[in-house]
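Chain by chain, the residues run as shown.
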Amino acid sequence: MPRKNAIESDVLVIGSGIAGLSVALHAAQSARVLVVTKVAAEESNTNYAQGGVAAVLGEDDTISLHEQDTLVAGDGLCDAEAVRVLVEEGPREVLRLIGSGVRFSRESGRPSRLSLGREGGHSRRRIVHAKDRTGHAIERVLLKLARAHPKISLLENQTAVDLILESKMRGKRARAPERDRIWGAYVLDRKTDAIGAVAARATVLATGGAGKAYLYTTNPDIATGDGLAAGFRAGAQAADLEFMQFHPTCLFHPEAKSFLISEAVRGEGGRLLTLDGKPFMNRYHRLRDLAPRDVVARAIDFEMKKRGDKYVLLDMRPLGKRLLTTRFPHITRRLRTYGLDPAKEPIPVVPAAHYLCGGLLTDLEGRTTIPGLYACGEVACTGVHGANRLASNSLLEALVFSRRAGMALLRQVASSRLEGIPQVPEWRTNGAVQAKEQVIFDHNWDAIRRVMWDYMGIVRSDERLARAAAMIAVFRDQTERDYRRYRLDADLVELRNIGLVADLMIACARRRKESRGLHYNIDHPRRDDRRFRRDTVLTRQDVR
Ligand SMILES: Cc1cc2nc3c(=O)[nH]c(=O)nc-3n(C[C@H](O)[C@H](O)[C@H](O)COP(=O)(O)OP(=O)(O)OC[C@H]3O[C@@H](n4cnc5c(N)ncnc54)[C@H](O)[C@@H]3O)c2cc1C
């Protein structure tokens, strides 16, 4: 009798942020879904999103205005069809969230109307928010629905290590990725370090971003690019990884670990100042403090370097005490815990790595370039962000494209029901031993993040990128050796992924010999549409 897999499911979803939970809830209409997630289920970028979700819901707004704003921010690289899908289907997804129980802020005195915020690059007020903890409000509701769903199982403290490729299964020959197939993933239990195989008809990467590749980031610790790295290793194509968005205003304080001050603060009247109290954004863009994020981040970087300052100031006093406590209660409270009163004094801020616009290439239904593998949310490159993401379009992208992927999964699972799930091989340790000094992993981890910050940051040059590539290659070589030699734990898995993701980002940046959107290279300061108005696509052959 053929042996059965220890754990199998119709659909395996890796990650429990907005993308993972949304796709799971849609697919669970008829498929069995297993969600595995790295730590506690709510720990995700989603949970920390402050500003909100952009959608056309205001009376003075139109689909074409949102479309236009998205295309302008994307600086010539957006996929027009993907943007159209995003802006047209977005409002329905926001209403679906409201129907599911997410309580967004309402206008004061008019509870029937949503309160719509304004953020940089948006020509209208269209940011639906739950005060300044929008992501938390969404995550809480989606998680509650997923936990209560009879067809969804959720396993916490499970790190996906690598995907299971059909061609690597016993007795199968190597194949081109588009003719291969994914049958699940190997997953490490963080409490026991045991690695088990999870077999599935379809696998969804919803692992979020990779801010942790940089020394300074707004992202929580989970954002180590695991899904991007695992998908790429398996043969999926990745694109546009040079476009890391730096958020202009992260709190500069020794005790604050990556605390972001939402762009919505500037949308409501907050202003950036140099340390002598002078506004400077008027010298960089006609929209001043509401210029697109890349312009603001570069302006801050430039002012800090020119003046030799470690930070600039964000003056929130123009908002007044009332707006600070009603619209931004979380930010105001957190600042007070650090001894800062935004109603009385400007607060110190610096830019930090925030959002990865590129990712694994997908079609409009979340399919990557390998059959059986989908990607949703920040790990995916659907084409909507182009060279720069418009603020608050990412939660929206996750909602819209996760629903589409969920529908495609239902069709795939229905059509393959009669076909069994093959038995997948167990993980093989090949005599790996316990590492003698765990601390060397930490050193390499710090070094990679420092190299990325110093040489692949907000302002780049050919020489800096060449140096970054050489240094990352050394760390990757060491890590690959450690990976083969030592018994795996979650730290080594993440270190290996961070190294690969850093390498891929640098490879994309080195190919783009122009400046566009978030990619600014002083040796090629202009946009060059003739040669570079196209995505930077990487395949497995392009990188070691
Ligand atoms: C501070 C902050 C503020 C933001 N504000 C906004 C905003 O106002 N509006 C907006 O649109 N966007 C905002 N963003 C961006 C937005 O939050 C993210 O792009 C979005 O939440 C990504 O959702 P996701 O589901 O793709 O990933 P995430 O929410 O990051 O979820 C990823 C999940 O994958 C899991 N995971 C990762 N690796 C593995 C692995 N190897 N194995 C198992 N599980 C794994 C994680 O634990 C997590 O559960 C903000 C981001 C940050 C950090």
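Shown above is the structure to which this text applies.
Rules used throughout
- Residues numbered from 1 in each chain as written.
- Predicted model: local features only at pLDDT ≥ 70, side-chain atom pairs only at ≥ 80, totals over all residues.
- Heavy atoms only, no water.
- Helix = DSSP H or I, 4+ residues; strand = E, 2+ residues; numbered from the N terminus.
- Contact = heavy atoms within 4.5 Å.
- Phe/Tyr/Trp six-rings, centres within 6.5 Å; stacked < 30°, edge-to-face > 60°.
- Lys NZ or Arg CZ within 6 Å of the ring centre and 35° of its normal.
- Pairing = 2+ DSSP bridges.
- Axes fitted to C-alpha atoms, helices over the stretch in contact; angles between N-to-C directions.
- Disulfide = S-S within 2.5 Å.
- Buried < 20%, exposed > 50% of the residue type's maximum accessible area, 1.4 Å probe, protein only.
- Salt bridge = Lys/Arg side-chain N within 4 Å of Asp/Glu carboxyl O.
- Parallel < 35°, antiparallel > 145°, perpendicular 65-115°, else oblique.
- Left-handed = near helix turned anticlockwise from the far one by under 90°.
- Nonpolar A, V, L, I, M, F, W, Y, C, P; charged D, E, K, R; others polar.
- Near = heavy atom within 4 Å.
- Polar contact = N/O pair within 3.5 Å; in protein donor to acceptor, adjacent residues only side chain to side chain.
- Areas by Shrake-Rupley, 256 points an atom, 1.4 Å probe, with all protein chains shown as cover.

(A) Broad picture of the environment of Cys357. Within the secondary structure, Cys357 is located in the loop between strand E16 (347–356) and strand E17 (359–361). In this structure the C-alpha to C-alpha distance between Cys357 and Arg179, which are 178 residues apart in sequence, comes to 27 Å. With near-sequence residues (within four places) excluded, Cys357 lies in contact with Phe243, Ala380, His385, Gly386, Asn388, Arg389 and Leu518.

(B) Broad picture of the packing of aromatic side chains. For the structure shown, the criterion picks out nine aromatic pairs. Taking the ring centre of Phe259 as reference, the NZ or CZ of Arg334 above it sits at 4.3 Å. Stacked on the ring of Tyr483, the Lys or Arg Arg496 has its end atom at 3.5 Å from the ring centre.

(C) Representation of the sheet that holds E17. Spatially, four strands are ordered E19-E17-E12-E20 in an open sheet, and the strand pairing comes out mixed. Of all strands in the sheet, those with a lone pairing partner are strand E19 (380–381) and strand E20 (537–538), marking the two edges. Two strands pair when backbone bridges link them, and strand E12 (residues 238–239) and E17 are joined in this way by two bridges, in the antiparallel orientation. Across the sheet, residue Ala239 finds its bridge partner in E17, namely Gly359. Packed onto the sheet, helix H6 (residues 226–234) meets E12, E17 and E20 and runs at close to 40° relative to E17.

(D) Spotlight on the state of the cysteines. A full pass over the atoms with the stated rule returns zero disulfides. Sulfur of Cys250: no disulfide; nearest cysteine sulfur belongs to Cys357 and is 17 Å away. Here Cys250 falls in the buried class, since its relative accessible area comes to 5%. The thiol of Cys381 is unpaired, and the distance to the nearest cysteine sulfur, on Cys357, comes to 8.7 Å. A residue is classified by how much of its surface remains accessible, and Cys381, at 5% relative accessible area, is buried.

(E) Geometry of the pattern of salt bridges. Scanning all chains against the criterion turns up 52 salt bridges. The partner of Arg181 in a salt bridge is Glu419, with the nearest N and O atoms 3.7 Å apart. A residue pair is termed long-range when its members are at least 10 positions apart, and Arg181 in the loop between strand E9 (158–165) and strand E10 (182–189) and Glu419 in the loop between helix H11 (393–415) and helix H12 (439–455) qualify at 238 residues. For Glu419, a relative accessible area of 39% corresponds to the partly exposed category. The partner of Asp221 in a salt bridge is Lys212, with the nearest N and O atoms 2.8 Å apart. Among the charged side chains, a salt-bridge network with shared partners connects Asp75, Glu242, Arg512, Glu514, Arg516, Arg527, Asp529 and Arg533.

(F) Here's a closer look at the pairing of E16. Of all ten residues in E16, ten are buried, a share of seventy percent or more. With six bridges joining them, strand E13 (residues 244–251) and E16 adopt antiparallel strand pairing. Residue pairing in the sheet places His247 in a bridge with Ala352 of E16. Relative to E16, strand E15 (residues 312–315) runs antiparallel, the two being bridged by three bridges. Bridging from a neighbouring strand, Leu313 pairs with Pro348 of E16.

(G) Spatial organisation of the packing of helix H13 (residues 462–485) against helix H14 (residues 490–511). Relative to each other, H13 and H14 sit at 155°, their axes nearing to 9 Å. Between H13 and H14, the crossing angle belongs to the class labelled roughly antiparallel. The two elements H13 and H14 meet at a crossing, and its hand is left-handed. Note on element contacts: H14 touches H13 through Leu492, Leu495, Arg496, Gly499, Leu500, Ala502, Asp503, Ile506, Ala509 and Arg510, opposite Leu465, Ala466, Ala468, Ala469, Ile472, Arg476, Thr479, Glu480, Asp482 and Tyr483. Class assignment of the residues belonging to the contact of H13 with H14 gives a composition of twelve nonpolar, two polar and six charged.

(H) Region of the structure containing the site of the ligand. In the vicinity of the ligand lie 38 residues, with Thr46, Gly52, Asp226, Glu378 and Ser394 positioned nearest. Between an oxygen atom of the ligand and a main-chain N or O atom of Ser16, the distance comes to 3.0 Å. A distance of 2.9 Å separates an oxygen atom of the ligand from a polar atom in the backbone of Leu395. Protein contacts shield 98% of the accessible area of the ligand, which totals 1,000 Å² for the unbound molecule. Put simply, the parts of the chain that give the shell around the ligand at least two residues each are helix H1 (18–27), helix H2 (45–48), E9, E16 and H11. Among the residues making up the shell around the ligand, the classes are represented as twelve nonpolar, 21 polar and five charged.

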